[in-house]
Amino acid sequence: MRRHAPACERNRDPILEVLRRVFPARGVVLEIAAGSGQHAAYFSDALPRLTWQPTDPDPEALASIDDWARDSKGTVLPALRLDVHDPAWPVERADAMLCANMIHIAPWSATGALLEGAARTLSPGGVLVLYGPFLRDGEHTAESNVAFDRWLKDRDPGYGVRDLGAVTDLAAAQGISLEEVIEMPANNLSLVLRRG
């Protein structure tokens, strides 16, 4: 049941540095598209005063998340099925949200749905962290991202590395503003967005 994503082990410490700085000291974190569950287990151990609510639309991912959570010393709630396109989410309120490596492997509509859901779910002043590769002003930030974008579009023409400006415009339309862009290893970015 337990999945293992090598990228989670490589990126978890740099992401954790961001979360330590921008997430509240206490509260509920809603993780969207938690995948294998490695991040949920690791981050909840490192941030024990936060309650972690992992979600994913894939039943096999939910089983993996729960399997990883059994080894966590933090507070990880049972994983919930959540498709960002659903008009009602199974979590009504969260103090912070994390979505890592989802918006480029989903149709563009998923980005809008994610941000609409964040506007409904985040507490006022709540933080959303998006992690992954992004275009800047329509341009790739690294040659490796050009190849990755091509690979994604070969898998599904609706997939692809998203433009930072297009994402933040959608967020702004939902009352969520960009607070910070953080350079991350392997040509990724963390976007720190905050609900007004």
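Below is a summary of the structure that appears in this document. This is a predicted model, so every value here is computed, not measured. For every chain, the first residue of the written sequence is number 1, and numbering continues from 1 along that sequence. Residue-level local features of this predicted model are given only where pLDDT is at least 70; pairs of side-chain atoms are given and counted only at 80 or more, and the full residue set underlies all totals for whole chains, interfaces and linings. Values reported for side chains reflect all heavy atoms of the structure, with hydrogen atoms and water molecules removed beforehand.

The subject of this paragraph is the layout of surface pockets. Throughout, the protein atoms alone are placed on a 1 Å grid, and a set of points is a cavity if a 1.4 Å probe fits but cannot get out or a pocket if it is open with protein on both sides within 12 Å along at least five of seven lines; lining residues have an atom within 4 Å of a point. Grid points are joined across faces, edges and corners, and a volume is the space filled by probe spheres set on the points. The space that makes up the largest pocket amounts to roughly 1,200 Å³. Lining the largest pocket we find 43 residues, and of these A100, N101, M102, H104 and I105 sit closest to its centre. Helix and strand definitions follow DSSP, with helices as H or I runs of at least four residues and strands as E runs of at least two, each counted in order from the N terminus. At the level of elements, α1 (6–22), β1 (27–32) and α5 (143–155) are the ones that each hand at least two residues to the lining of the largest pocket. When residues in the lining of the largest pocket are grouped by element, the largest group, six residues, is from α1. The residue classification treats Ala, Val, Leu, Ile, Met, Phe, Trp, Tyr, Cys and Pro as nonpolar and Asp, Glu, Lys and Arg as charged. All others, Gly included, are polar. For the lining of the largest pocket, the class distribution of residues is 25 nonpolar, 11 polar and seven charged.

In this description, a nonpolar core means a group of buried Ala, Val, Leu, Ile, Met, Phe, Trp, Tyr and Cys residues linked to one another through side-chain atoms lying within 4.5 Å. Burial classes follow relative accessibility: with a 1.4 Å probe on protein chains only, a residue under 20% of its type's maximum area counts as buried, one over 50% as exposed, and anything between as partly exposed. In terms of nonpolar packing, the biggest core is built from 29 residues, with I32, V84, M97, L114 and L130 touching the most fellow members. If you look at the next biggest cluster of nonpolar residues, it comprises 23 residues, including I15, L16, V22 and V192.

Attention now goes to the pairing of strand β2 (residues 50–56). Looking along a regular strand, one sees the side chains alternate between the two faces of the sheet. Within β2, six of the seven residues are buried, leaving the element largely enclosed by the surrounding structure. Here β1 pairs with β2 via five bridges, running parallel. Counted as the bridge partner of L30 is Q53 from β2. We call a crossover right-handed when, viewed with both strands directed away from the observer, the connection leading from the first strand over the helix to the second proceeds clockwise. After leaving β1, the chain enters helix α2 (residues 38–46) and then returns to the sheet as β2, a path that is right-handed. Pairing between two strands requires that DSSP report at least two bridges joining them. Where β2 lies against strand β3 (residues 75–76), two bridges are found, and the strand directions are parallel. From the neighbouring strand, W52 faces β3, where its bridge partner is V76.

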